[in-house]
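As a plain string of letters, each chain reads:
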Amino acid sequence: VKMLTACNRLRPTIFIDVGANIGLYSCIAAAHQLAPRIVAFEPDPRNFSGLKKNIILNGFGDLIEARPYAVGDSDRDALLAIAPIDNTGLSAIQSNGTHSVHMTSLDSAIALRDEKIAIKIDVEGHEQRVPHGATGLLSRNSGFALIEARDDVAAASTTELMRSSGWPLIERHGLNLIFEKFD
């Protein structure tokens, strides 16, 4: 609801869904026409397959661009620990992962300047690394960001990094940190 309200008010030119899973946020953004461009990142092959299916089933193929990559602080190969079938949302980048994936940074994946952006980041404990790889994107653009933080240490670190890029914390709602940067 907070994302919908913020996007309706800010009218971002892009919605970036990091840790898209099967595309719930991306499909909601598309259905509500929250942004003319949606980019969804999901490295887990099962979830990525579900994401692609949901994009097709909902007729959002022209609006949502699905990328099968992890997002972090750099461009490199990483290991993904695949979650059990009963909760595929728990797949995570881990040193003991068994599935090799490509990791990209938002700075290298999306080049924008002076735009309004909306970002959702939910990457199962890897959330702090995503803003580290998006300092250019964050400093050059304004908008709305929803970032999951699993504990107070992660919340404090993420809040400080976002603040240093001009994105103050607006609200904390459970695990979710909400940031907004104004023009």
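Position numbers for residues start from 1 in each chain and track the written sequence from start to end. Where totals are concerned, whole chains, interfaces and linings use all residues; where local detail is concerned, this predicted model gives features only for residues with pLDDT of at least 70, and gives and counts side-chain atom pairs only at 80 or more. Hydrogen atoms and water are omitted, and side-chain values are computed over all heavy atoms in the structure.

### Quick look at the overall build of the protein
Part 1 of the reasoning: When helices and strands are tallied, the protein shows 7 helices and 11 strands.
Part 2 of the reasoning: Here the globule rule reads 2.2 Å times residues to the power 0.38, and the radius of gyration is calculated from C-alpha atoms. Taken over C-alpha atoms, the radius of gyration comes to 15 Å for the protein, in line with the 16 Å a tight globule of 183 residues would show.
Part 3 of the reasoning: Based on the C-alpha atoms only, the size of the protein along its principal axes is roughly 40 × 40 × 30 Å.
Part 4 of the reasoning: Buried residues are those whose accessible area, probed at 1.4 Å on protein chains only, stays under 20% of the maximum for their type, while exposed residues exceed 50% and partly exposed ones sit between those limits. Here the protein, with 183 residues, has 50% of them falling under the buried criterion.
Part 5 of the reasoning: Considering only contacts in the protein between residues 6 or more positions apart, those separated by 24 or more positions represent 68%.
Part 6 of the reasoning: Of the accessible surface of the protein, which amounts to about 8500 Å², a share of 53% is contributed by carbon and sulfur atoms. Secondary structure counts use DSSP, requiring at least four H or I residues in a row for a helix and at least two E residues in a row for a strand, with both numbered from the N terminus. In what follows, residue pairs with any heavy atoms lying within 4.5 Å of each other are defined as contacts. For accessible areas, the Shrake-Rupley method is used with a probe of radius 1.4 Å. Any residue's cover is judged against the shown protein chains and nothing else.

### Side note on unusual backbone geometry
Part 1 of the reasoning: Phi at Arg11 takes a positive value of approximately 55°, unusual for a residue other than glycine.
Part 2 of the reasoning: Note on placement: Arg11 falls in the loop between helix 1 (2-10) and strand 1 (14-18).
Part 3 of the reasoning: Take Arg11: its relative accessible area is 43%, and that puts it in the partly exposed class.
Part 4 of the reasoning: In this model, Gln33 sits at a positive phi of 50°, which is unusual for a non-glycine residue.
Part 5 of the reasoning: Checked against the element boundaries, Gln33 lands in the loop between helix 2 (24-31) and strand 2 (38-41).
Part 6 of the reasoning: In this structure Gln33 comes out as exposed when scored by relative accessible area, which is 60%.

### Some thoughts on helix 7 (residues 152-164)
Part 1 of the reasoning: One less than the number of residues in a helix, times 1.5 Å, gives the span that helix is expected to have. When the terminal C-alpha atoms of helix 7 are compared, their 18 Å separation across 13 residues agrees well with the 18 Å that a helix rising 1.5 Å per residue should span.
Part 2 of the reasoning: Within helix 7 the residues assigned to the buried category are Ala154, Ala155, Thr158, Leu161 and Met162. With its buried residues spanning 140° around the axis, helix 7 presents them on a single face. For helix 7, the exposed residues set more than 90 degrees away from the buried face come down to Asp152 and Val153.
Part 3 of the reasoning: Residues of helix 7 that are buried make contact with helix 5 (129-132), helix 6 (135-140), strand 9 (142-148), strand 10 (169-173) and strand 11 (176-181). Our arc is simply the arc of the directions from the helix axis toward the C-beta atoms.

### A few points about the pairing of strand 2
Part 1 of the reasoning: With burial as the criterion, each face of strand 2 is covered, one bearing Ile38 and Ala40 and the other bearing Val39 and Phe41.
Part 2 of the reasoning: As paired elements, strand 1 and strand 2 share 4 bridges and run parallel to each other. Bridge pairing in strand 2 places Ile16 opposite Val39.
Part 3 of the reasoning: Pairing between strands is defined by DSSP: at least two bridges between the two strands are required. Both strand 2 and strand 3 (residues 64-67) contribute to a ladder of 4 bridges, which runs parallel. Its bridge partner being in strand 3, Val39 is matched across the sheet by Glu65.
Part 4 of the reasoning: Every crossover in which the path from the first strand over the helix to the second runs clockwise, viewed with the strands pointing away from the viewer, is termed right-handed. Chirality of the crossover, the property in question, places the unit of strand 2, helix 3 (residues 45-57) and strand 3 among those that are right-handed.

### Describing the environment of Ile119
Part 1 of the reasoning: Along the chain, Ile119 turns up in strand 8 (residues 116-121).
Part 2 of the reasoning: Put simply, Ile119 and Phe144 are 25 residues apart on the chain and 6.4 Å apart in space, counted from C-alpha to C-alpha.
Part 3 of the reasoning: Aside from chain neighbours lying at most four places away, what touches Ile119 is Ile16, Leu137, Leu138, Phe144, Ala145 and Leu146.

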